[in-house]
Amino acid sequence: MGGEQAAWAAVVLDGSPRDLAKVQWAMGRLHASTSASTSGEGLLAAIGRRRAEFEPQSLSNILWSLAFSDHPLDQLLAEFTREIHRCDPQALSNVAWACARRLLCCAPVMEAISRCAVLKTPQFDVQGLANLVWSFATLKREDGPLFAAVAGQALGAVWRWGPRHLANLAWAFAKAAEFRGPLLAAVAAEALKTVEHFGCQGLANLAWSFAAGGEAAAAAAAPLFARLAAAALGRAKAMQVQNLVNLAWAFAKLLLAKEGFLDSLAAAAVSKRGELTAQHCSSLCWAFGAVSHVNHGLMTQMAARAVCCISESNPQDLSNLLWSCARLAWNSASFCEALAEEAERKAQEFPVQNLAITSWALGVLRLSRPQLFGEETLQRLREERGRLGAQNLASLAQGLGKQLVRDEGIFSFLATEAAECVDAFSNQELAMVLWAFAKAESAGEVGDSFAASVRRRELMPQDLAVLCWCFAHFAEGSPVLDALSWQVLGCCGEFQAQDLANISWAFATRGRENAVMMAAIAARVRKLGDLQVQDLSNLCWAFAKLGLVDEDLFDFLARHVCDVCESQAADLLPQNVSIISWSFARLALLNQKMMELLAERSQRMLGGLDGQGVANLLWSWAVLALRPASGEGCVGLARRAGELVPEMGAQEMSNVAWGLQILQQAELLQCFLRQAAGPFLRLDRSDGAAWAKFANAAAAVADEAEELKDFFEPVLRRLRRLADGRDDTEETQVSRLGWRYSLEALASLGIGAEEEWRREARLACRLAQSQWQVPTRASVLAYGKWRLFPCGRTSERCCQQLGHVFSSELASTCVGPADVPPAVAEAARGGQAEAAAVLSLLAELEACEAAEVEGEVKLYLCHTPSVACLRLLCELQQTLPRCALSFAFDDAWSGFCGAPR
């Protein structure tokens, strides 16, 4: 047949222009390649030489026929444009179609076609109009007047279009972003009547058009898509892969894809796996991700095919595939790693939007790829300054935060960009951005604009919880937390357990106590059912850190902890065991069953405990006097503590030593001290409380090390100066000397007490307090007794106290003399119970107006004295030099005013 065509062409080479055009049109109609034979080349050469002789209709036929070749069209198009005013509608649509088929976007030609077509729209037939708008859409030519004219013409007789042309019309208008208004409704209504008559490609194009046409198109699509799905399912096996992919994408985009429908389309596509390209795989996976449907078998097959053609993947394909895996939590290690590696190789090709999506997906999949976000990426982002958009910024930031990227340059850039469009963020996006800054420890980048924006918003519960967590990490976050606390209170009943745990943790971390809010949180928690282990741990820690004793809440939490322990739940981690134990001890709340279960659990996870965990457990057992369950457990913890000495700090070592001391584990304490004393003495001495605790524990079981004794020498020297009436100017790092060294300090000052007096004071304080309490400023009591008279006149009593219990509350209300000694004033400001006793004594002395007095003053404290208390005693000696001063104390951790706890 090809030879006959060539012979025929040779005969007519010298014929009329119309004959030449007809021969060329015929060869094009038969898809004959005119450039593939000698006769074909001769025909085209003749057409080129005589192009000025052709009428517009003939030129349009020639151009149409050359749509299937690669022959240059420039000269023919120029000739056609000169005569375009003489063209009929078919010629206009044919040339437009030929240009689109060859992807030749020649602006002068297309503009000329548009001007003529708008004037002649009523003369076009259905196919001509469809081809016209299809061509302009394919070439991405924006032409509002042309599309408006075609829409007006189509509306008048949409019933005449037929399935194929209707699908092409819808596709073209959607592609050109012109699919709206009455035309949209008319196409939807007509397609609904004839959907069963659409071909495979028509179904796919129709579905794609409504999905891509925007919100209005989506709203009109629902009734049509139910019929369209049934028609598509019946022909899925006969469809080409591209049609299957377009259908899947469209239904997923409109969230109308039922699981079975999507599975059927994907299965049909996978059965033609040899035809699947990287783009097909990415679009199908995206569809599954968009509707949150996982079909593991199909995903595995699509992943295998995607890996085979991964080198052909462009940034859009890679970001879609990673996004789908992240959205579906489908982390096939080898597949996702392959995608991440390919993304790294093509990092510089990624548009900003794809980079943001990829960042988010890698973060969710826990695939850290910091190389993607190096200096070159930062430079590209800077080039897009001001054009990134809120959504891209949020996705990029969250992904970086989840990947634990700590690049100061990129976070500084993101902070600047985000601050400029902070009010454009949705609540969720703002929460994502701030979360990323907090996670990346870039809190310094968060400025006032973020805080101000948060304050102006009405926040959903989950966003509110995230933002509270974020501002707990920011240096200037406390005022924002205070403002958010009232929003939390307003919607407390809508929070879930994790939200409440995160909010509580946030406020405790910053030390911000809104008692009303925390009470509401406690009430809400008690109404919830299942709590995760981490939520239990965070809630316990938060209330303990804030010192909020809510016995009903902690009883509720203890029951849940017991259930977790008894169920042998694997998610109860060593860290949770130590934090929960510490929290109950911090508030002196003993739940015997729970603590014994936690102690038992700790023995099975010794290897997972760090230094702080071991120290917390021993400390909490000591505070709660958990001796029955702790005897054997102490052995394991002490052994583990010895192993961890090189990693421990001063506070952790001192808590271990103190805990073993209070639990009366002398042998274990001695063994630990042999391992820890040397490393401890090499530590920085800034933590005076830890040094005091460690030194007293060491002195309780062995001769004190000279180095430990030397640590207290500055304090003892200071006290001796005070006792001698000299100025006190030396600063010390110790606030409390502990049992052993307080006794030594008192002995050096010549202050002691008789045992009979000690028994009297202990009994009075036990009666006043009724039960043991954790020693705090509020719970420590003092007992005072004195009898003073003017010197030499014992019969004239000046002031007398036969015995009275003083509390810290009285220290702030007692009215002392006008000239209060500095140490007494300091102790009173600190709310120390002994200060209340001394202020009361000094007030009586001022009232009696004696120049000098003698007699005796006896004081007792139910806990070890602070250094401020010892200074107070020194000043009292100076104030009353001729009075006998007695002072006794107990260690409240070891007993209850001389009695067992």
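Given the structure is predicted, the values throughout are model-derived calculations rather than measurements.

So, about the overall build of the protein. Regarding its fold elements, the protein presents 46 helices and four strands. Relative to the globule expectation of 29 Å for 901 residues, the C-alpha radius of gyration of the protein, 43 Å, shows a markedly less compact shape. Principal axes of the C-alpha set define a box for the protein whose edges measure 150 × 55 × 45 Å. Classification of the 901 residues of the protein by burial places 55% in the buried group.

Per the counting criterion, the structure on display carries 28 aromatic pairs. Taken together, a centroid distance of 6.1 Å and an interplanar angle of 80 degrees make the contact between Phe437 and Phe450 edge-to-face. With Phe437 in helix H24 (residues 427-439) and Phe450 in helix H25 (residues 448-456), this pair connects stretches of sequence that are 13 residues apart. The structure contains a cluster of three or more aromatic residues connected by ring pairs, namely Trp134, Trp171, Trp208, Trp249, Trp286 and Trp323. One residue, Lys693, lies across the ring of Trp658, its end atom 5.5 Å from the ring centre.

Let's shift gears to helix H21 (residues 375-383). Along an α-helix, residues three or four positions apart point the same way, because every turn accommodates 3.6 residues. Buried within H21 we find Thr377, Leu378, Arg380 and Leu381. All buried residues of H21 fall inside an arc of 160 degrees around its axis, so they share one side. In H21, those exposed residues whose orientation departs by more than 90 degrees from the buried face are Glu375, Glu376 and Glu383. Those residues of H21 that are buried lie in contact with helix H20 (352-364), helix H22 (390-402) and helix H23 (408-420).

Its 13 residues place the ends of H22 18 Å apart at the C-alpha level, agreeing with the 18 Å of an ideal helix rising 1.5 Å per residue. By the criterion of burial, H22 is predominantly enclosed, with 11 of the 13 residues buried. Residues of H22 that are buried include every one of Ala390, Asn392, Leu393, Ala394, Ser395, Leu396, Ala397, Gln398, Gly399, Leu400 and Gly401, and no others. Against H20, H21, H23 and H24 lie the buried residues of H22. Of the residues trailing H22, Leu404 is marked for its positive phi of about 60 degrees.

On to the UniProt feature "domain: RNA-editing substrate-binding complex 6 protein" (unreviewed entry) in the protein. Per the UniProt record, the feature "domain: RNA-editing substrate-binding complex 6 protein" (unreviewed entry) sits at residues 166-369 and 532-626. Between the first and last C-alpha atoms of residues 166-369 the distance is 47 Å; the span itself is 73% helix and 0% strand. As a span, residues 532-626 carries 71% helix and 0% strand, and end to end its C-alpha atoms are 26 Å apart.

Summed over the entire model, instances satisfying the criterion amount to two cavities of 30 Å³ or more. Roughly 60 Å³ of volume is contained in the largest cavity. Considering the residues around the largest cavity, the lining is formed by Gln769, Trp772, Gln773, Pro775, Ser779, Val780, Cys862, Ala892, Gly895, Phe896 and Cys897. Across the lining of the largest cavity, the residue classes break down as seven nonpolar, four polar and no charged.

For the rest of this paragraph, the subject is the confidence of the model for the protein. Confidence along the protein averages 85 in pLDDT terms, with 91% of residues attaining 70 or more. Highest mean pLDDT in the protein belongs to helix H30 (residues 533-545) (96); lowest belongs to helix H1 (residues 2-12) (54). When the criterion is pLDDT under 50, residues 32-39 qualifies, and its contacts beyond four places in sequence or with other chains add up to 11 contacts.

Here the focus is the pattern of salt bridges. Under the counting rule described, the total for this entry stands at 22 salt bridges. The partner of Asp550 in a salt bridge is Arg526, with the nearest N and O atoms 3.7 Å apart. Here the residue Asp550 occupies a position in the loop between H30 and helix H31 (551-566), and Arg526 occupies one in helix H29 (residues 515-527), the gap between them amounting to 24 residues. Judged by its relative accessible area of 19%, Asp550 is buried. In this structure, Lys858 engages Glu754 in a salt bridge whose closest nitrogen and oxygen atoms are separated by 3.7 Å. In this pair, Lys858 is assigned in strand E3 (residues 853-861) and Glu754 in the loop between helix H41 (738-749) and helix H42 (755-769), connecting sequence segments 104 residues apart. Through salt bridges that share partners, Glu755, Arg758, Arg762 and Asp890 make up one connected network.

Criteria and cut-off values
Residues numbered from 1 in each chain as written. Predicted model: local features only at pLDDT ≥ 70, side-chain atom pairs only at ≥ 80, totals over all residues. Heavy atoms only, no water. Helix = DSSP H or I, 4+ residues; strand = E, 2+ residues; numbered from the N terminus. Rg over C-alpha atoms; globule rule 2.2 N^0.38 Å. Buried < 20%, exposed > 50% of the residue type's maximum accessible area, 1.4 Å probe, protein only. Phe/Tyr/Trp six-rings, centres within 6.5 Å; stacked < 30°, edge-to-face > 60°. Lys NZ or Arg CZ within 6 Å of the ring centre and 35° of its normal. Arc of directions from axis to C-beta. Contact = heavy atoms within 4.5 Å. Expected span 1.5 Å × (residues − 1). UniProt positions renumbered as here; feature names shortened; annotations may be inferred. 1 Å grid on protein atoms, 1.4 Å probe; cavity = no way out; pocket = protein on both sides within 12 Å on 5 of 7 lines; lining within 4 Å. Points joined across faces, edges and corners; volume = space filled by probe spheres on them. Nonpolar A, V, L, I, M, F, W, Y, C, P; charged D, E, K, R; others polar. pLDDT = per-residue confidence, 0-100. Salt bridge = Lys/Arg side-chain N within 4 Å of Asp/Glu carboxyl O.

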